[in-house]
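What follows is the residue order along each chain.
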Amino acid sequence: MTAECIGDATGKRRIRKLQDRITHIDEQIVELQDKKEIMISEIRELKEGK
């Protein structure tokens, strides 16, 4: 393999790794938003005396 080819493979691996990390972060954001909504709902219920 040429140095350019090795660099290209490393770059592609890095891109794939970063894209996987972005997907993971997006999943965490959705999970945290769900938890936030549950907490907001619980606060509303407590304020209403339920």
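Refer to the structure above for everything that follows.
Attention in this report is confined to the structure presented alongside it.

Cut-off values and rules
Residues numbered from 1 in each chain as written. Predicted model: local features only at pLDDT ≥ 70, side-chain atom pairs only at ≥ 80, totals over all residues. Heavy atoms only, no water. Helix = DSSP H or I, 4+ residues; strand = E, 2+ residues; numbered from the N terminus. Buried < 20%, exposed > 50% of the residue type's maximum accessible area, 1.4 Å probe, protein only. Salt bridge = Lys/Arg side-chain N within 4 Å of Asp/Glu carboxyl O.

Section: the overall build of the protein
Then comes step 1: Across its full length, the protein holds 1 helix and 0 strands.
Then comes step 2: Looking at the protein as a whole, 0% of its 50 residues are labelled buried.

As for the pattern of salt bridges
Then comes step 1: Throughout the structure, instances matching the rule amount to 2 salt bridges.
Then comes step 2: Two residues, K12 and D8, come together in a salt bridge whose shortest N-O distance is 3.6 Å. Of this pair, K12 and D8 both sit in helix α1 (residues 3-48), 4 residues apart, roughly one helical turn.
Then comes step 3: According to the relative accessible area criterion, K12 is partly exposed, its value standing at 48%.
Then comes step 4: For K35, the salt bridge goes to E31, with nearest N and O atoms at 3.4 Å. Here the residue K35 and the residue E31 both occupy positions in helix α1, the gap between them amounting to 4 residues, near one helical turn.
Then comes step 5: Taking the relative accessible area as the measure of exposure, E31 reaches 45% and is therefore partly exposed.

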